[in-house]
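# Observations on the three-dimensional arrangement
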Amino acid sequence: MLSLKSHVVSFILRHSRKKAFSSPENLQRWIAYARKTEDYRPPALLKARLDIAETSVGGFPVYEIAPTAGESRRILYLHGGAFVFQMTSYHWVLIAEMAERLGFGVTVPIYPIAPEHNFHDMFGMVGDVYRRMLEETDAGDIVFMGDSAGGNMAVVLTMMGAEKGLPTPSRHVLISPGLDMSLSNPEVFEAERDDPWLGIPGGLEAIRLYSAGIDRSDWHISPLYGDLSVLPKTLLLTGSRDLLSPDNLIFAERARAAGVEVDVVYEEGMFHVWPLIEMPEARRARDSIVDFLTGEPTPRPARAPRRTGTAYAARPAAAAE
């Protein structure tokens, strides 16, 4: 049974954030308003709890949460926001919980976003961040974690790094990632009706603003079409009320076919990036992330549905694939 909190959040999203993605014009208005109000800095309460240092790469801030004594593992966290919005306090709360529960160091780049910047600026900066991490940390001790657009960036960054001969990170944690921007899957249009947050018209505008003219079916924009075999062991979290979910499940299938170990947490009734919002379903998802990164098995809330033709049929078992 879905929590009361999840129903409330879903209602609020449908009558607020959903409007931002209802048209290109609305997205542009939301971006303009966001530039006046966004604050990407760690909240004061978290700065008091954690050892957070600020550096910079290419003139853009990078926050570093120090690991616990003797811990060598680090997370590169790439925030979501449709490539056009800055990270939020919700991201920071999740990051802080991961840092405290795991003891890992966490690197958080405030990467350049659109429309002021584009694909090349974004990946130029985060690529430099990863190279700097590799100077200090073995790739086997690095995890890429990202939500939404940040999940896309984690996969694309790994693929781009592999092309350049860089070692791949040890694991991926992808929270509601955007993996196929081509809109070639008709199920996405069906899923949009049940999604209380995302909409296709505004989403296409966000892609136009950041993609630097690269075709939407190119793997740099839609990593579903890239070489999935280079990816590390992956935890993919997706919900049944997220328009990105159908493509997420196809990604899991194709990655497995390419030899990648993929663990899917599919939460019935959940919307886009639900693990960022404090509610019972998010706590389960965060437990799944911690268990995945520490290697401790735990029952999952649901299996990903099995694809049957072009439809998804749910399976009743409770453990993730």
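Look above for the structure.
Residues numbered from 1 in each chain as written. Predicted model: local features only at pLDDT ≥ 70, side-chain atom pairs only at ≥ 80, totals over all residues. Heavy atoms only, no water.

### A closer look at the overall build of the protein chain
Summing up its helical and strand segments, the protein chain has 11 helices and 10 strands in all. Its C-alpha atoms give the protein chain a radius of gyration of 18 Å, near enough to 20 Å, the size a compact globule of 321 residues would have. Oriented by its inertia axes, the alpha-carbon framework of the protein chain measures out at about 45 × 45 × 40 Å. In the protein chain, which comprises 321 residues, the share counted as buried stands at 57%. The long-range share in the protein chain, meaning contacts at least 24 apart out of those at least 6 apart in sequence, stands at 75%. Surface summary for the protein chain: the accessible area is close to 13,200 Å², and the carbon and sulfur share equals 54%. (Helix = DSSP H or I, 4+ residues; strand = E, 2+ residues; numbered from the N terminus. Rg over C-alpha atoms; globule rule 2.2 N^0.38 Å. Buried < 20%, exposed > 50% of the residue type's maximum accessible area, 1.4 Å probe, protein only. Contact = heavy atoms within 4.5 Å. Areas by Shrake-Rupley, 256 points an atom, 1.4 Å probe, with all protein chains shown as cover.)

### Considerations on the sheet that holds strand β4 (residues 105–109)
Whenever strands of a sheet pair, they do so through backbone hydrogen bonds, lying parallel or antiparallel. Strand order in the open sheet formed by eight strands is β1-β2-β4-β3-β5-β6-β7-β8, with mixed pairing between adjacent strands. A single partner strand is all that each edge strand has here, and the edge strands are β1 (52–57) and β8 (262–267). Averaged over all pairs of adjacent strands, the angle between strand axes in this sheet comes to 20°, irrespective of strand direction. By the bridge criterion, five bridges tie strand β3 (residues 74–78) to strand β5 (residues 142–147) in an arrangement that is parallel. Paired with L76 across the bridge in β5 is F144. (Pairing = 2+ DSSP bridges. Axes fitted to C-alpha atoms, helices over the stretch in contact; angles between N-to-C directions.)

### Focus on unusual backbone geometry
A114 connects to P115 through a cis peptide bond whose omega is 5°. We note that S148 has phi near 55°; this positive angle belongs to a residue other than glycine. If you trace the backbone, S148 turns up in the loop between β5 and α7 (149–163). Despite not being glycine, A212 has its phi angle at roughly 55°, a positive value. When you line up the elements, A212 lands in the loop between α9 (200–210) and β7 (233–239).

### Points about the pairing of β4
Counting buried residues in β4 gives five out of five residues, a clear majority hidden from the surface. Because side chains alternate across β4, one face comprises the buried residues G105, T107 and P109, and the other comprises V106 and V108, equally buried. Taken together, the four bridges between strand β2 (residues 60–65) and β4 define a ladder with antiparallel strand orientation. By the bridge assignment for β4, Y63 is matched with V108. With helix α5 (residues 89–102) bridging β3 and its parallel neighbour β4, the resulting β-α-β unit is right-handed. (Right-handed = clockwise from strand over helix to strand, strands pointing away.)

### Quick word on the packing of aromatic side chains
How two aromatic rings sit relative to each other is given by the distance of their centres and the angle of their planes. All chains considered together, the criterion is met by five aromatic pairs. Between the aromatic rings of F119 and F123, the centroid separation amounts to 4.6 Å while the plane-to-plane angle is 40°, which identifies the pairing as tilted. Placement of both F119 and F123 in helix α6 (residues 119–136) is noted, with a separation of four residues, approximately one turn of the helix. Judged by its relative accessible area of 4%, F119 is buried. (Phe/Tyr/Trp six-rings, centres within 6.5 Å; stacked < 30°, edge-to-face > 60°.)

### Points about the pattern of salt bridges
Within this structure, the stated rule accounts for 17 salt bridges. Between D287 and R101 there is a salt bridge, with the nearest N and O atoms lying 2.8 Å from each other. Here R101 lies in helix α5 and D287 lies in helix α11 (residues 280–294), a separation of 186 residues in the sequence. R284 serves as the salt-bridge partner of E267, at 2.5 Å between the closest nitrogen and oxygen. Here E267, found in strand β8, pairs with R284, found in helix α11; they are 17 residues apart in sequence, far enough to count as distant. Through salt bridges with shared partners, a single network forms among E97, R101, E278, R283, R286 and D287. (Salt bridge = Lys/Arg side-chain N within 4 Å of Asp/Glu carboxyl O.)

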